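Spelled out, the chains give:
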Amino acid sequence: MSAIFRGLGDSRSPLLFVLVACLVNVAGDLLLVAGLKMDAAGAAIATVAAQAVSVVLAVFILLKKQLPFTIKKSDFCFNVQCRKFLEVGLPLALQEFLTQLSFLALCAFVNRLGLAASSGYGVASKIVNFAMLIPSALMQSMASFVAQNVGAGDSKRAKKAMFTGIGIGLVFGCAVFALIMLKGDLLAGVFSTDAEVVANGFAYLKGFAPETIATAILFSMVGYFNGNNKTVWVMIQGLVQTLLVRLPLAYVMSIQPNASLTKIGLAAPISTLVGVALNIGFYSWLNRAEQHKQTIPE
């Protein structure tokens, strides 16, 4: 639903859906977890209810919105576009599935270091999620913007958008990098009062910090390729990063005699830099192929 709004050039409505979901989630947690003492089950119910409310709101606004097309009951069926959706979406779905499995494996590696390290990694992960919000938003908006311009035959503007996104991402990425390196312990202290947990969370963040800069480049390039319908490539480079770099490197770091969360955290920016190199190579190859196609006489 959010993709439809973004495709129409409306990025405010998806923000509203997320905001409503967050408010409902917080209210549900306070009621079910803090009030009714339902613990993890209450948190799960609150999360699902929040998403359900967000979806209902999205449908309501979409039906009320002035659209360049009409939505009829007969539209909700299998059609010729379904195959195209699967061709574009399945590679991304497979990549995301394996990426989430890799995070489970990473948790297992961290658990080798003990309870305090595991708790510290959990705290750091919350901060990481916040740090990734801006590059993730740039990636999503980049895909919509690039797709619109490629569809309109303005590939030059699409490329310019990618470099603009990288520039914006780097500004925020450098600021977040400095914040994590200088005040990472204070950030971790927001989520825990245990000094050992905070120290372990900060240790992981110090290794992870360069990721905020590298991701600014990677995510904008990934958004560009998604908008260009190069989702198979996005899947391939993502799997190379995850399965051939991040996981093996994190595992090796975790079994060293002097293993630390900082060294395990370094696996993320190193794998992202590999992804950046791969995407730069693929972008150069696409440009050469495009220039060669233009020089061939019709």
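Remember, predicted model here, so these are calculated numbers, not experimental data. Starting afresh in each chain, residues are numbered from 1 along the sequence in its written order. Two thresholds apply to this predicted model, a pLDDT of at least 70 for residue-level local features and 80 or more for giving and counting side-chain atom pairs, whereas whole-chain, interface and lining totals are computed over all residues. By convention in this description, side-chain values take in all heavy atoms of the structure and omit both hydrogens and water.

A description of the pattern of salt bridges should follow, citing residues and the corresponding values.
For this document, the term salt bridge refers to a Lys or Arg side-chain nitrogen within 4 Å of an Asp or Glu carboxyl oxygen. For the structure on display, the rule yields three salt bridges. One salt bridge connects Arg83 with Glu87, and the closest N-O pair in it is separated by 3.3 Å. One end of the pair, Arg83, and the other, Glu87, are both in helix α4 (residues 80-111), four residues apart, so they sit about a helical turn from each other. Three labels apply to residues, based on accessible area from a 1.4 Å probe with only protein chains included: buried if under 20% of the type maximum, exposed if over 50%, partly exposed otherwise in between. For Arg83, a relative accessible area of 63% gives the class exposed. With relative accessibility at 43%, the residue Glu87 sits in the partly exposed group. Put simply, DSSP marks the helices as runs of H or I at least four residues long and the strands as runs of E at least two long, and each gets a number from the N terminus on.

So what's going on with the nonpolar core? Which residues, and what values?
Counting residues in each nonpolar core, the largest one holds 27 residues, and the members touching the most others are Leu106 and Tyr204. Counting residues per element, the ones that place at least two in this core are α4, α5 (115-131), α7 (155-189), α8 (195-208), α10 (231-254), α11 (261-265) and α12 (267-295). A per-element tally of this core places α5 first, with seven residues. Whether two residues touch is decided by their heavy atoms; if any such pair falls within 4.5 Å, the residues are in contact. The residues touching Leu106, leaving out its near neighbours within four places in the chain, are Tyr121, Tyr204, Leu247, Ala250 and Ile264. Here, nonpolar core means buried Ala, Val, Leu, Ile, Met, Phe, Trp, Tyr and Cys residues that are tied together by side-chain atoms lying within 4.5 Å of each other.

I'd like a rundown of the environment of Val24, residues and numbers included.
Following the sequence through the fold, Val24 ends up in helix α2 (residues 12-35). Expressed as a C-alpha distance, the spacing of Val24 and Thr47, which sit 23 residues apart in the sequence, is 8.2 Å. Filtering out sequence-adjacent residues up to four positions away, Val24 remains in contact with Ala49, Ala50 and Val53.

I'd like to hear about the packing of aromatic side chains, residue by residue, with values.
Geometry of aromatic contacts follows a simple scheme: Phe, Tyr and Trp rings, the Trp one being its six-membered ring, pair when their centres are within 6.5 Å, and the pair is stacked under 30 degrees between planes, edge-to-face over 60, tilted otherwise. Considering all chains together, one arrives at ten aromatic pairs under this definition. Judged by centre distance (5.2 Å) and plane angle (70 degrees), the rings of Phe225 and Phe282 are edge-to-face. Residue Phe225 is located in helix α9 (residues 211-227), and its partner Phe282 is located in helix α12; the two are separated by 57 residues in the primary sequence. Phe225 gets classed as buried once you look at its relative accessible area, which sits at 0%. By relative accessible area, which is 15% here, Phe282 ends up buried. On the numbers, 5.8 Å between centres and 25 degrees between planes, the contact of Phe282 with Trp285 is stacked. Note that Phe282 and Trp285 are positioned in helix α12 at a spacing of three residues, about one turn of the helix.

An account of the confidence of the model for the protein chain is needed here, citing residue identities and associated values.
Across the chain, each position has a pLDDT score giving the predictor's confidence in that residue, from 0 to 100. In this model, the protein chain carries an average pLDDT of 89, and 99% of its residues clear a pLDDT of 70 or more. Averaged pLDDT values over the elements of the protein chain bottom out at 83 in helix α1 (residues 2-7) and peak at 93 in α9.

Can you lay out the environment of Thr262 for me, pointing to particular residues and giving the numbers?
If you trace the backbone, Thr262 turns up in helix α11. Taking the C-alpha atoms as reference points, Thr262 and Val197, separated by 65 residues in sequence, lie 14 Å from one another. Residue contacts for Thr262: discarding those within four places in its chain leaves Ala203, Tyr204, Lys206 and Gly207. A polar contact is formed between the side chain of Thr262 and the backbone oxygen of Ala203, at a distance of 2.6 Å. Each polar contact in these results corresponds to two N or O atoms within 3.5 Å; when the atoms are within protein, one needs to be able to donate a hydrogen and the other to accept it, and residues that are neighboring in sequence are counted only if both atoms are side-chain atoms.

Break down the packing of α7 against α8 for me, with residues and values.
Here the axes come from fitting lines to C-alpha atoms, over the contacting stretch only for helices, and the angles between their N-to-C directions go from 0 to 180 degrees. Two elements in contact, α7 and α8, have axes separated by 8 Å at closest approach and are oriented at 145 degrees. Here α7 and α8 pass one another in a crossing that is right-handed. On the side of α7, the interface is formed by Ile180, Met181, Gly184, Asp185, Ala188 and Gly189, while α8 contributes Val198, Phe202, Leu205 and Lys206. For a crossing to be left-handed, the near helix must be turned anticlockwise from the far one by less than a right angle; the clockwise case is right-handed.

Describe a nonpolar patch on the surface, naming the residues involved and giving the relevant values.
Side chains of Met1, Ile4, Leu8, Val55, Val59, Leu63, Phe69, Ile71 and Phe76 sit close together on the surface and give an oily, nonpolar patch of about 810 Å² of accessible area. No other element matches the three residues that helix α3 (residues 39-64) contributes to the nonpolar patch. Tracing the backbone through its elements, the reader meets Leu63 in helix α3. Each patch is built from residues lacking any salt bridge and having more than 30% relative accessible area; the joining distance is 9 Å for like charges and 5 Å for nonpolar side chains (Val, Leu, Ile, Met, Phe, Trp, Tyr). A 1.4 Å probe and the Shrake-Rupley method give the accessible areas. Residues count as covered only by the protein chains that appear here.

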